[in-house]
Amino acid sequence: MAEQLRLMTVHAHPDDESSKGAAAMARYVAEGVDVLVATCTGGERGSVLNPKMDRPEVLADIANIRRKEMDLAREILGVKQAWLGFVDSGLPEGDPLPPLPEGCFGLVDPAEGAIPLIKLIREFKPHVMTTYDENGGYPHPDHIMCHKISVAAFEAAGDPEQYPELGEPWQPLKLYYNAGWSKARMLALHEGMLAAGLESPYTEWLKRAEERPDRGHLITTRVECGEYFEVRDNALRAHATQVDPDGFWFHVPLELQQKVWPTEDFELARSLVDSTVPESDLFAGIRESVEAR
């Protein structure tokens, strides 16, 4: 039998896997790829963002509830999932920002934080990894630390001289950053909504986008996965404390999204194989050699 392709996606909190690259994961699962989500924290300090779930008993049991939400999202996406065991930092707010809580993920030494991920890489043996860019996709301390440990683990996992106690070395061949909300994607969906005579949820986002650097020019890889947008949305709804089913994320009809922007997009950050960009497959340069084994 041919060797199975393997993809590992590394995320800061439960729910991130369902809002960043989830449709691409669902597509790869349907194609027979073995997909593992590594979740850095339990989301213990996450706010309840769905007004329907903002109740005292939910807040009192948020850690357990978020684990159950992750279980449901995992089943919907058809992926495997592992907890790295770090504690959520929360999102600091205020001016000046308050210090992060002692013992939280955002304060770990990245070299130490990479250790459980290196162990997981050596066990699962992914050909491809995805994570966030150096800004975390947005500047949440856990997202930034997720980037740091992912890059450190990608570099160390294949080195037999580093952490021999963590298992046989394994070198992933490609590392991608989730590209998510490029200005071009936001603008295309905004204009698509207006052309359909619908109110766009992106008007204020586009105004704020002028103040932020846009990484759209760094996108190397667009994975066609429009037919899996519904799976993505169902997985996102599974995180009921974090996502209002009547809220912002679901205002754009699926048919319009599939027509206007049917891909999920990535930046190729590291590659140990030859592949020509732009790409349409995270396994470009890998697929033929692995499936031929």
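Refer to the preceding data block for the structure.
Report on the accompanying structure. Every value quoted in this text rests on a predicted model; they were computed, and no experiment measured them.

## A look at the pattern of salt bridges
Counted according to the given criterion, the structure contains 21 salt bridges. One salt bridge connects Glu57 with Arg55, and the closest N-O pair in it is separated by 2.9 Å. Of the charged contacts in the structure, one is a salt bridge between Asp265 and Arg222, with a shortest N-O distance of 3.0 Å. Taken together, the positions of Asp265 in strand β7 (residues 263-271) and Arg222 in strand β6 (residues 221-224) put the pair 43 residues apart, joining distant regions of the chain. Taking relative accessible area as the criterion, Asp265 reaches 5% and is therefore assigned buried. For Arg222, a relative accessible area of 33% translates into the label partly exposed. Salt bridges sharing partners connect three or more residues here, namely Arg27, Glu31, Asp281 and Arg287.

## Some points on the pairing of strand β4 (residues 128-131)
Here β4 shows a buried face lined by Val128 and Thr130 and a second buried face lined by Met129 and Thr131. Bridging between strand β1 (residues 6-11) and β4 involves 3 bridges; their strand directions are parallel. In the strand pairing of β4, Leu7 is matched with Val128. Taken together, the 4 bridges between β4 and strand β5 (residues 174-178) define a ladder with parallel strand orientation. Its bridge partner lying in β5, Thr130 is registered against Tyr176. For the segment spanning β4, helix α7 (residues 141-156) and β5, crossover handedness is right-handed.

## Here's the deal with the state of the cysteines
All chains considered together, the criterion is met by 0 disulfides. Of the cysteine sulfurs around Cys146, a residue in no disulfide, the closest is that of Cys40, at 3.9 Å.

## Some remarks on the sheet that holds β1
What the 7 strands build is an open sheet, ordered β3-β2-β1-β4-β5-β7-β6; its pairing is mixed. The sheet is open, and its two edges are formed by β3 (80-86) and β6, each paired on a single side. Neighbouring strand axes in the sheet, compared pairwise and without regard to direction, differ in orientation by 30° on average.

## Some details on the side chain of His13
Here His13 lies in the loop between β1 and α1 (16-19). Among the polar contacts made by the side chain of His13, one reaches the side chain of Asp142 at a distance of 2.8 Å. Not counting the four nearest positions on each side in its chain, His13 is found in contact with Thr39, Thr41, Gly43, Arg66, Asp88, His140, Asp142 and His143.

## So, helix α6 (residues 115-124)
Those residues of α6 lying buried are Leu117, Ile118, Leu120, Ile121, Arg122 and Phe124. Structurally, α6 contributes buried residues whose contacts are with β1, β2 (34-41), β3, β4 and α7. Positive backbone phi, approximately 60°, marks Lys125, located one or two places after α6.

## Observations concerning the packing of aromatic side chains
Applying the stated criterion across every chain, the model contains 8 aromatic pairs. Judged by centre distance (5.3 Å) and plane angle (85°), the rings of Trp181 and Trp205 are edge-to-face. Taken together, the residues span a long stretch of sequence, with Trp181 in the loop between β5 and α8 (183-195) and Trp205 in helix α9 (residues 203-209) at a distance of 24 residues. A relative accessible area of 27% means that Trp181 is categorised as partly exposed. Measuring from ring centre to ring centre gives 6.3 Å for Trp181 and Trp249, while their planes differ by 40°; the resulting arrangement is tilted. Remark: Trp249 occurs in the loop between α10 (229-238) and α11 (254-260) and Trp181 occurs in the loop between β5 and α8; sequence separation between them is 68 residues. According to the relative accessible area criterion, Trp249 is partly exposed, its value standing at 36%. Within the aromatic cluster, the residues linked to one another by ring pairs are Trp181, Tyr202, Trp205 and Trp249. The aromatic ring of Trp83 is capped on one face by Arg67, whose charged end is 4.3 Å from the ring centroid. Lying across the ring of Trp181, Arg185 places its NZ or CZ 4.0 Å from the centre.

## Topic: unusual backbone geometry
The omega torsion across Asp95 and Pro96 is 5°, close enough to zero to call that bond cis. Following the sequence through the fold, Pro96 ends up in the loop between β3 and α5 (110-113).

## Comments concerning the nonpolar core
Residues Met8, Val10, Cys40, Leu117, Ile121, Met129 and Ile149 are the most contacted members of the largest nonpolar core, which totals 30 residues. Every element with two or more residues in this core is listed here: β1, β2, β3, α6, α7 and β5. Looking at this core element by element, the count peaks at 7 residues for α7. Filtering out sequence-adjacent residues up to four positions away, Met8 remains in contact with Leu36, Leu117, Leu120, Ile121, Phe124, Pro126, Val128, Met129 and Thr130.

## Here we look at the environment of Cys225
Mapping Cys225 onto the fold places it in the loop between β6 and α10. Through-space distance from the C-alpha of Cys225 to that of Glu264 is 6.9 Å; in sequence the pair is 39 residues apart.

What counts, and where the lines are drawn
- Residues numbered from 1 in each chain as written.
- Predicted model: local features only at pLDDT ≥ 70, side-chain atom pairs only at ≥ 80, totals over all residues.
- Heavy atoms only, no water.
- Salt bridge = Lys/Arg side-chain N within 4 Å of Asp/Glu carboxyl O.
- Helix = DSSP H or I, 4+ residues; strand = E, 2+ residues; numbered from the N terminus.
- Buried < 20%, exposed > 50% of the residue type's maximum accessible area, 1.4 Å probe, protein only.
- Pairing = 2+ DSSP bridges.
- Right-handed = clockwise from strand over helix to strand, strands pointing away.
- Disulfide = S-S within 2.5 Å.
- Axes fitted to C-alpha atoms, helices over the stretch in contact; angles between N-to-C directions.
- Polar contact = N/O pair within 3.5 Å; in protein donor to acceptor, adjacent residues only side chain to side chain.
- Contact = heavy atoms within 4.5 Å.
- Phe/Tyr/Trp six-rings, centres within 6.5 Å; stacked < 30°, edge-to-face > 60°.
- Lys NZ or Arg CZ within 6 Å of the ring centre and 35° of its normal.
- Core = buried A, V, L, I, M, F, W, Y, C linked by side-chain atoms within 4.5 Å.

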